[in-house]
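# Per-entry structural report
Residue-level listing of the chains:
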Amino acid sequence: PGILHFSGHGLAQGELVLNDESGQSAVVPAAALSRLFKLFAKKGLRCVVLNACYSAVQAAAMAQHVDCVIGISGAIEDRAAQAFTSGFYAGLAQGESVQNAFELGCVQIELMNLADADMPQLIGRAGVDLNTLRLI
């Protein structure tokens, strides 16, 4: 995929929580996912959206390999996370740059009069201009 979106839970230490084979919660360290997405980046993955609390640590690790990654810097309310996603993808669909689409996502949180508009964090891989990067 060109874009990978994870919506779920994260821990304050920066780890994501996934379900294992038996349906139990399993913590995934940042280094493991970073290595996984390094492989996918070679196959065309350009953007990862980690719509989970405390995922900015994961985002920073992944941005070493993927053009742009969005993480959340703290605990975010579900409605704010959903509002961000709505604005971000609407921007991308209209052909906006990743930076502008990101800003639209943050503004969408504010337009809904929700807190946490400062929680989403956009991180670009070194050398990538997020103001000109378009994913469509």
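The structure contained in this document is the topic of the report that follows. (Residues numbered from 1 in each chain as written. Predicted model: local features only at pLDDT ≥ 70, side-chain atom pairs only at ≥ 80, totals over all residues. Heavy atoms only, no water.)

## A look at the sheet that holds strand 1 (residues 3-7)
Strands in a sheet are paired, the pairing made by backbone hydrogen bonds, and the direction either parallel or antiparallel. Taken in spatial order, the four strands make up an open sheet running 1-5-6-7, and their pairing is mixed. Either end of the sheet is taken by a strand with one partner, and the two such strands are strand 1 and strand 7 (120-124). Taken pair by pair, the neighbouring strands of this sheet meet at an average axis angle of 10 degrees, ignoring direction. Where strand 6 (residues 68-72) lies against strand 7, five bridges are found, and the strand directions are antiparallel. Paired with C68 across the strands is G124, a residue of strand 7. Sheet contacts for helix 4 (residues 98-111): strand 6 and strand 7; angle to strand 7, the most-contacted strand, approximately 175 degrees. (Pairing = 2+ DSSP bridges. Helix = DSSP H or I, 4+ residues; strand = E, 2+ residues; numbered from the N terminus. Axes fitted to C-alpha atoms, helices over the stretch in contact; angles between N-to-C directions. Contact = heavy atoms within 4.5 Å.)

## Some details on the nonpolar core
Formed by 24 residues in total, the largest nonpolar core has its most connected members in F88 and V98. Looking at this core, the elements that each hand over two or more residues are strand 5 (47-51), strand 6, helix 3 (78-93) and helix 4. The greatest single-element share of this core, amounting to six residues, is contributed by helix 3. Core analysis: the next-biggest nonpolar cluster, separate from the first, contains 14 residues, L16, L33, V48 and V69 among them. (Core = buried A, V, L, I, M, F, W, Y, C linked by side-chain atoms within 4.5 Å. Buried < 20%, exposed > 50% of the residue type's maximum accessible area, 1.4 Å probe, protein only.)

## Focus: the pairing of strand 6
Burial runs high along strand 6: five of the five residues are buried. Burial of strand 6 is two-sided: the residues C68, I70 and I72 facing one way and the residues V69 and G71 facing the other way are all buried. Bridge count between strand 5 and strand 6: three bridges; the pairing is parallel. In the strand pairing of strand 6, V49 is matched with I70. Crossover handedness for the path strand 5 to helix 2 (residues 56-62) to strand 6: right-handed. (Right-handed = clockwise from strand over helix to strand, strands pointing away.)

## Observations regarding the packing of aromatic side chains
Taken as a whole and assessed by the stated rule, the structure comprises four aromatic pairs. Centroid distance F37 to F40: 6.3 Å. Interplanar angle 45 degrees. Geometry classified as tilted. Of this pair, F37 and F40 both sit in helix 1 (residues 30-41), three residues apart, which is roughly one turn of the helix. When its relative accessible area of 33% is taken as the criterion, F40 is described as partly exposed. On the basis of an interplanar angle of 65 degrees and a centroid distance of 5.2 Å, the ring pair of F88 and Y89 is categorised as edge-to-face. On the accessibility criterion, Y89 (26% relative accessible area) is partly exposed. One aromatic cluster in this structure is built from F84, F88, Y89 and F102. (Phe/Tyr/Trp six-rings, centres within 6.5 Å; stacked < 30°, edge-to-face > 60°.)

## Here's the deal with helix 4
Taking 1.5 Å per residue, 14 residues should reach 20 Å; helix 4 reaches 20 Å between its end C-alpha atoms and fits that length. Within the span of helix 4, buried status applies to V98, A101, F102, G105, C106 and I109. Around the axis of helix 4, the buried residues are gathered within 140 degrees of arc, so they sit on the same side. Residues of helix 4 that are exposed and point more than 90 degrees away from the buried face comprise E110 and L111. (Expected span 1.5 Å × (residues − 1). Arc of directions from axis to C-beta.)

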